[in-house]
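# A look at the structure
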Amino acid sequence: MICLGINSALRISDLLLLRWEQVYDFEQECYKKHILITEQKTQKRTRIAINDSAVAGLEVYRASLRNIEAGEFVFPGRYGGMQHLSRSQAFRIVKRAAYELHFEEGISCHSLRKTFGYHAWKRGVHPAILTEIYNHSSYQVTRRYLGINQDDKDNIFMQISL
């Protein structure tokens, strides 16, 4: 869940609603190249490329499962594949992983979405593309969302040594 969340920039509400048929082609026995969804929050149709890291994470996860069916949720709830994992349980999973890896406080499910954008920004992805990926109304909203303003300020203070 964490690997796919970081690599897809999906909101947790959309991530939890994914079904295997959206990420895996059962006839060809391979992962799909894109996830096609209608976002819960915006009701916009979105197409997200599934990168190699996401495929690797999904493959490790799928190998740990018993027989899966196309219509089952990728992240099933307690009572099987026909009910998705709850947001509260997803939150507990993310918090537990952050704790075990000694990450700072304040990690949540939304951190997965933000992590994608932050690393894309640091790798030089054009801000207009990130604004489009996040469906934000402006570049300024995306910068504020990713915390870029503070990082830029911190870098200046660290570089200027008088």
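Along each chain, numbering runs from 1 in the same order as the chain's sequence is written. Per-residue local features of the predicted model are confined to residues with pLDDT of at least 70, and side-chain atom pairs are confined, for both listing and counting, to 80 or more; whole-chain, interface and lining totals are unaffected and use all residues. No hydrogens and no water enter the side-chain calculation; it runs on all heavy atoms of the structure.

### Focus: the packing of helix α7 (residues 127-134) against helix α8 (residues 139-146)
Axis separation between α7 and α8 bottoms out at 9 Å; the angle between their running directions is 80°. Relative to α8, the element α7 lies roughly perpendicular. Counting all contacts with α7, which are made through Pro 127, Leu 130, Thr 131 and Tyr 134, the residues of α8 involved are Tyr 139, Thr 142, Tyr 145 and Leu 146. Residues are grouped as follows: Ala, Val, Leu, Ile, Met, Phe, Trp, Tyr, Cys and Pro are nonpolar; Asp, Glu, Lys and Arg are charged; every other residue, Gly included, is polar. Per-class residue counts for the contact of α7 with α8 are 6 nonpolar, 2 polar and no charged. Interaxial angles span 0 to 180 degrees and are taken between N-to-C directions of axes, which are lines fitted to C-alpha atoms, for helices over the stretch in contact. Strands here are runs of E lasting at least two residues and helices are runs of H or I lasting at least four, both read from the DSSP assignment and numbered beginning at the N terminus. Angle categories: roughly parallel below 35 degrees, roughly antiparallel above 145, roughly perpendicular from 65 to 115, and oblique for all the rest. Working rule for contacts: check all heavy atoms of both residues, and any pair within 4.5 Å makes them a contact.

### Here's the deal with the nonpolar core
Nonpolar cores are built from buried Ala, Val, Leu, Ile, Met, Phe, Trp, Tyr and Cys residues. Side-chain atoms within 4.5 Å join them into one set. Partly exposed describes any residue whose relative accessible area lies between the buried limit of under 20% and the exposed limit of over 50%, with all areas from a 1.4 Å probe on protein chains only and scaled to the type maximum. In this structure, Met 1, Leu 18 and Val 23 are the most contacted members of the largest nonpolar core, which totals 27 residues. Of all elements in the fold, only α2 (12-16), α3 (20-23), β3 (34-38), α4 (52-63), α5 (87-100) and α6 (109-122) reach the threshold of two or more residues within this core.

### Points about the pattern of salt bridges
If the charged atoms of two oppositely charged side chains come close together, the side chains can form a pair. By definition here, a salt bridge exists when the distance from a side-chain nitrogen of Lys or Arg to a carboxyl oxygen of Asp or Glu is within 4 Å. Per the counting criterion, the structure on display carries 3 salt bridges. For Arg 11, the salt bridge is made with Glu 39, and the minimal N-O distance between the two is 2.8 Å. Taken together, the residues Arg 11 in the loop between α1 (2-8) and α2 and Glu 39 in the loop between β3 and β4 (45-49) connect sequence positions 28 residues apart. With relative accessibility at 4%, the residue Glu 39 sits in the buried group. A salt bridge links Arg 62 to Glu 59; the nearest nitrogen and oxygen atoms lie 3.2 Å apart. Of this pair, Arg 62 and Glu 59 are both found in helix α4, 3 residues apart, which corresponds to roughly one turn of the helix.

### Here's the deal with the packing of aromatic side chains
Ring geometry is summarised as follows: Phe, Tyr and Trp rings, the Trp one being its six-membered ring, pair when their centres sit within 6.5 Å, and such pairs are stacked at plane angles under 30 degrees, edge-to-face over 60 and tilted between the two. Counted by the stated rule, this structure contains 6 aromatic pairs. Pairing Trp 20 with Tyr 61 gives two aromatic rings, centres 6.1 Å apart and planes at 20°, and the pair type is stacked. Of this pair, Trp 20 sits in helix α3 while Tyr 61 is found in helix α4, placing the two residues 41 residues apart along the sequence. Looking at Trp 20, the relative accessible area reads 1%, which means it is buried. Assessed through its relative accessible area of 24%, Tyr 61 is described here as partly exposed. Connected via pairs of aromatic rings, a cluster forms that spans Trp 20, Tyr 61 and Phe 75. Positioned over the ring face of Phe 73 is Arg 19, at 3.9 Å from the centre of the ring. Cation over ring: Lys 114 sits above Tyr 145, and NZ or CZ is 5.2 Å from the ring centre. For a Lys NZ or an Arg CZ to count as sitting over a ring, it must be within 6 Å of the ring centre and within 35 degrees of the ring normal.

### Side note on the pairing of β4
Burial of the side chains of β4 is restricted to one face: Thr 46 and Ile 48 are buried, whereas none of Arg 45, Arg 47 and Ala 49 on the reverse face is. Should DSSP find at least two bridges between two strands, the strands are taken to pair. Pairing between β3 and β4: 5 bridges, direction antiparallel. Among the inter-strand pairings, His 34 is bridged to a residue of β4, identified as Ala 49. Here β3 folds back onto β4 in antiparallel fashion, the turn holding 6 residues, of which Gln 43 has a positive phi close to 60°.

### A few points about α4
Expected span, for any helix, means 1.5 Å times one less than how many residues it has. Its 12 residues place the ends of α4 16 Å apart at the C-alpha level, agreeing with the 16 Å of an ideal helix rising 1.5 Å per residue. Within 3.5 Å is the distance limit for a polar contact, defined as a pair of N or O atoms, with the added protein rule that one can donate a hydrogen and the other accept it, and that residues adjacent in sequence qualify only through two side-chain atoms. The N-terminus of α4 is capped by Asn 51, whose side-chain oxygen sits 3.1 Å from the backbone nitrogen of Ser 53.

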